[in-house]
Every structure is written in structure tokens, then in C-alpha cells.
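# Fold and contact review
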Amino acid sequence: MMMIVYAETVDQDVMAALTQVDIKKYIKMERVIGRSPEIENMAQEGSIYWTEKYILLMLAVKDEEVQNVTDMFRKLKKERPVKGGYHVFVVPMEQLL
């Protein structure tokens, strides 16, 4: 499972890029707020703790697809930098039902 957090201002760019790497299935949570008062010193611009509206995207992809998606976000980060950045995580997952 890949979990990706990015600023909602680049959502159209992300959706277009996902189409280019042939990702059609995802879970998309909009209006996610990034804030963590316990670690206020980390709340700086460009970090995931910066208070801004984000989108959280969850992709259930095969291991061999992870690199393509990661490369896509690296390219987006370079070509379309955004306040708050792009944050890509891989989370182990096991389907139970």
C-alpha cells in the first residue's frame, strides 16, 4: 500500500500523472489538514506538519509498481514544486477479507 500526501493545489497535476503511469484505482481523501501541536517546532513550511489543506491518496499497487509511482512523484516534485510538498510512504498491507 502506498500512502501519498500532497497539497490540494496540485491535485489536477497528480491525477493526470497517475493516468500516465496507468494507475486507475485509488482511495482519495480530500481536505486533510496537516497539523501536530505536540511537535510544533517541526511545523515549518514544506513539511507535512505545515497547516494547509492536503489530499491523502492510498494506492494498492504491486511491489513492482512502487518504483514507477515514486518516480512519478519525484518528477512532479521537480517540475511542479508546491508549498507543503509531496510525501510518499509505503505501508505493508495484508488483505484479510
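Rules used in this analysis
- Residues numbered from 1 in each chain as written.
- Predicted model: local features only at pLDDT ≥ 70, side-chain atom pairs only at ≥ 80, totals over all residues.
- Heavy atoms only, no water.
- Axes fitted to C-alpha atoms, helices over the stretch in contact; angles between N-to-C directions.
- Helix = DSSP H or I, 4+ residues; strand = E, 2+ residues; numbered from the N terminus.
- Parallel < 35°, antiparallel > 145°, perpendicular 65-115°, else oblique.
- Left-handed = near helix turned anticlockwise from the far one by under 90°.
- Contact = heavy atoms within 4.5 Å.
- Nonpolar A, V, L, I, M, F, W, Y, C, P; charged D, E, K, R; others polar.
- Buried < 20%, exposed > 50% of the residue type's maximum accessible area, 1.4 Å probe, protein only.
- Pairing = 2+ DSSP bridges.

### With respect to the packing of helix 1 (residues 11-20) against helix 2 (residues 63-79)
Relative to each other, helix 1 and helix 2 sit at 140°, their axes nearing to 10 Å. One element, helix 1, and the other, helix 2, form an angle in the oblique class. Here helix 1 and helix 2 pass one another in a crossing that is right-handed. Counting all contacts with helix 1, which are made through D13, V14, A17 and L18, the residues of helix 2 involved are M72, F73 and L76. Broken down by class, the residue content of the contact of helix 1 with helix 2 amounts to six nonpolar, no polar and one charged.

### Description of the pairing of strand 3 (residues 53-59)
Burial within strand 3 is extensive, with five of its seven residues counted as buried. One ladder, built from six bridges, connects strand 1 (residues 2-7) with strand 3; its direction is antiparallel. The residue bridging I4 from the neighbouring strand is L57, located in strand 3. In the sheet, strand 2 (residues 27-33) pairs with strand 3 via five bridges, with the strands oriented antiparallel. Directly across from K28, in strand 3, lies its bridge partner L57.

These figures come from the coordinates and say nothing about function on their own.
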